Amino acid sequence: MFVLNIISEALLYLCFSVLLGSFILHLVPKTARPSIKVPKGILLAAALGVALLSFVPVLKIILYLYKDLGLGLTIQSVLTNFEVGKSWISTGVISFILFIYLIPIKLERKPHFSITGLIFTLALIAALGWSSHASSLSKWPGFFIHTAHFLAVSTWIGILIAVSWFSKNHDNWLKFLKWFSPIAIICLLTIIITGISLMTFVMDLSDYANTWPLSYDQALLLKHLAIVPLLVFAFINSVLIRNKLSKGVPFNPIPWMRLESILVLIIFAITGALGQESPPHDIKTTIKAEGASKLFSLSHQGGLTFPLHFSPGIASQSLMVWAVFFLILMILTFIKKAPKMFSLVLSLLFIVIGYLALMLSV
């Protein structure tokens, strides 16, 4: 069930991104983007996927309670009394309407139909924000912050995925980067600000390193580390590729965009794992009840004393240097025209080595 939850949540983020990215791109003039053809089946699967995949957390609660209350009564209770259940009813209805709406239309022929699709998708994102953990802790502030965070992620990543996998060519790429790069920067800043705000709902930011022994924060740390090579890919796909194309050098940027999107899928999976763990509202109590995560225990065999002290030694400092070196090599891979997949391998090495460096520092 744990693996199913991770996969379902990662695919849910992907469905939202595909829908939002496709609708946004079809509203952009054809002269300011490459030619896009998102298969109808992909859009329909994404709309249906939002309904089905968002039901998994509801199903998890039903399976936990049904032995005591009975299946029928449990389903009724969860859907009518639990916030996650009531939100899913809204999500299911909107997703089904969007699914029916998409069947007869062709976005590439009638781009204005994307406006309605965009409205439906924004409503789905709002429903997801309403059922979020942040919203349950602090109703309206949590709702707005989580919704803004997820909207920024889905916009940036959605455009990235739609362009990298559904472009028929790379025409007008410089014009595309001219408007996409500022949007990506705005989304990134929004993600950082709202991400930090979301962290304050579950922990004191000064205790960030102290929470690393917990499974939740192990996943959170890996997610933060994975974002660093993602930014390197973003630098390559915006600044370096823009410079190359502006000089008139024949170059196909789509494979590099696809590599960035693959790393995004990895981050989605890590985020899915993050959603399966309990946030550390009280570090010592959680440690006492659950113990340190198995991953953290691999590098810390002895007992834990709080607060944890961040004191990098020679080994951890050496690993940090190697991690930074891998980021530099990612850029050199592009400049020296090395095999593209090498850069993805380097990004994964950065995550692993960076993680080990931090674990050895506490």
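Before reading on, note that the structure itself is shown above.
Throughout what follows, the structure given in this document is the object of discussion. As the structure is a prediction and not an experimental result, all values here were calculated from the model.

Along the protein, the regular secondary structure elements total 15 helices and 0 strands. A principal-axis box enclosing the C-alpha atoms of the protein has dimensions of 60 × 60 × 30 Å. Scored against the burial criterion, the 362 residues of the protein give a buried share of 48%. About 17,400 Å² of surface is accessible on the protein, with carbon and sulfur atoms providing 71% of the total.

With that settled, the discussion passes to the environment of Val-249. On the secondary structure map, Val-249 appears in the loop between α10 (215-246) and α11 (254-274). Residue classification places Val-249 among the partly exposed residues on the basis of a relative accessible area of 33%. Linking Val-249 and Gly-41, residues 208 residues apart in sequence, is a C-alpha distance of 36 Å.

The subject of this paragraph is the packing of helix α8 (residues 139-166) against α11. α11 packs onto α8 with a crossing angle of 135° between their chain directions and a minimal axis gap of 9 Å. Comparing their axes, α11 and α8 come out oblique. The two elements α8 and α11 cross, and the hand of that crossing is left-handed. Where α8 approaches α11, its residues Val-153, Trp-156, Ile-157, Leu-160, Ile-161, Val-163, Ser-164 and Trp-165 are matched on the opposing element by Ile-254, Met-257, Arg-258, Glu-260, Ser-261, Ile-262, Val-264 and Phe-268. Of the residues belonging to the contact of α8 with α11, the class tally is 12 nonpolar, 2 polar and 2 charged.

What follows deals with the layout of surface pockets. Its boundaries defined by the atoms lining it, the second largest pocket holds a volume of some 230 Å³. Together, 14 residues line the second largest pocket, and Ala-184, Ile-185, Ala-234, Phe-235 and Ser-238 are the ones closest to its centre. The set of elements that each furnish at least two residues to the lining of the second largest pocket consists of α9 (173-202), α10 and α11. Looking at which element gives the most residues to the lining of the second largest pocket, the answer is α9, with 6 residues.

Time to look at the packing of α10 against helix α14 (residues 314-335). The interhelical angle for the contact between α10 and α14, taken along N-to-C directions, is 30°, at an axis separation of 10 Å. Comparing their axes, α14 and α10 come out roughly parallel. The element α10 and its partner α14 pack so that their crossing is right-handed. Taking contact as the criterion, the partners of Val-228, Pro-229, Val-232, Phe-233, Phe-235, Ile-236, Leu-240, Ile-241 and Lys-244 in α10 are, on α14, Leu-327, Met-330, Ile-331 and Phe-334. Of the residues belonging to the contact of α10 with α14, the class tally is 12 nonpolar, no polar and 1 charged.

In terms of nonpolar packing, the biggest core is built from 96 residues, with Leu-102, Trp-173 and Phe-176 touching the most fellow members. It is α10 that contributes the most residues to this core, 13 residues altogether. Excluding anything up to four places from it in sequence, Phe-176 contacts Leu-25, Ala-32, Arg-33, Pro-34, Ile-159, Val-163 and Met-257.

Take unusual backbone geometry next. Although it is not a glycine, Asn-172 adopts a positive phi angle of roughly 60°. Counting through the fold element by element, Asn-172 comes out in the loop between α8 and α9. Classification of Asn-172 by relative accessible area gives partly exposed; the value is 31%. With phi around 60°, Lys-337 is a residue other than glycine that occupies positive phi space. Its location among the elements puts Lys-337 in the loop between α14 and α15 (340-359). A relative accessible area of 70% places Lys-337 in the exposed class.

Within the structure shown, the criterion is met by 1 salt bridge. A salt bridge links Lys-86 to Glu-83, with the shortest nitrogen-to-oxygen separation between them at 3.9 Å. In this pair, Lys-86 and Glu-83 are both assigned in helix α5 (residues 83-102), 3 residues apart and thus about one turn of the helix distant. By relative accessible area, which is 37% here, Lys-86 ends up partly exposed. Under the relative-accessibility criterion, Glu-83 is labelled partly exposed at 30%.

What follows is about the packing of aromatic side chains. Within a pair of aromatic rings, the relevant descriptors are the distance that separates the centres and the angle that separates the planes. Using the criterion set out here, one finds 20 aromatic pairs in the structure. Ring geometry for Phe-233 and Trp-256: centres 6.4 Å apart, planes at 55°, overall tilted. On the criterion of sequence distance, the pair formed by Phe-233 in helix α10 and Trp-256 in helix α11 is long-range, its members being 23 residues apart. Grouping residues by exposure puts Phe-233 and Trp-256 together as buried. Through pairs of rings, three or more aromatic residues link up here, namely Tyr-13, Phe-16, Phe-150 and Phe-268. The positively charged end of Lys-244 is found above the aromatic ring belonging to Phe-251, 5.5 Å away from the centroid.

A separate point is the side chain of Arg-33. Relative to the assigned elements, Arg-33 resides in the loop between α1 (2-27) and α2 (40-53). Within polar-contact distance, the side chain of Arg-33 engages the backbone oxygen of Leu-25 at 2.8 Å. Here the side chain of Arg-33 touches Val-28 through a polar contact of 3.1 Å, landing on its backbone oxygen. Setting aside anything within four residues of it in sequence, one finds Arg-33 in contact with Leu-25, His-26, Val-28, Asp-171, Asn-172 and Phe-176.

Conventions we followed
- Residues numbered from 1 in each chain as written.
- Predicted model: local features only at pLDDT ≥ 70, side-chain atom pairs only at ≥ 80, totals over all residues.
- Heavy atoms only, no water.
- Helix = DSSP H or I, 4+ residues; strand = E, 2+ residues; numbered from the N terminus.
- Buried < 20%, exposed > 50% of the residue type's maximum accessible area, 1.4 Å probe, protein only.
- Areas by Shrake-Rupley, 256 points an atom, 1.4 Å probe, with all protein chains shown as cover.
- Axes fitted to C-alpha atoms, helices over the stretch in contact; angles between N-to-C directions.
- Parallel < 35°, antiparallel > 145°, perpendicular 65-115°, else oblique.
- Left-handed = near helix turned anticlockwise from the far one by under 90°.
- Contact = heavy atoms within 4.5 Å.
- Nonpolar A, V, L, I, M, F, W, Y, C, P; charged D, E, K, R; others polar.
- 1 Å grid on protein atoms, 1.4 Å probe; cavity = no way out; pocket = protein on both sides within 12 Å on 5 of 7 lines; lining within 4 Å.
- Points joined across faces, edges and corners; volume = space filled by probe spheres on them.
- Core = buried A, V, L, I, M, F, W, Y, C linked by side-chain atoms within 4.5 Å.
- Salt bridge = Lys/Arg side-chain N within 4 Å of Asp/Glu carboxyl O.
- Phe/Tyr/Trp six-rings, centres within 6.5 Å; stacked < 30°, edge-to-face > 60°.
- Lys NZ or Arg CZ within 6 Å of the ring centre and 35° of its normal.
- Polar contact = N/O pair within 3.5 Å; in protein donor to acceptor, adjacent residues only side chain to side chain.

Any functional reading would require information beyond the geometric quantities listed.
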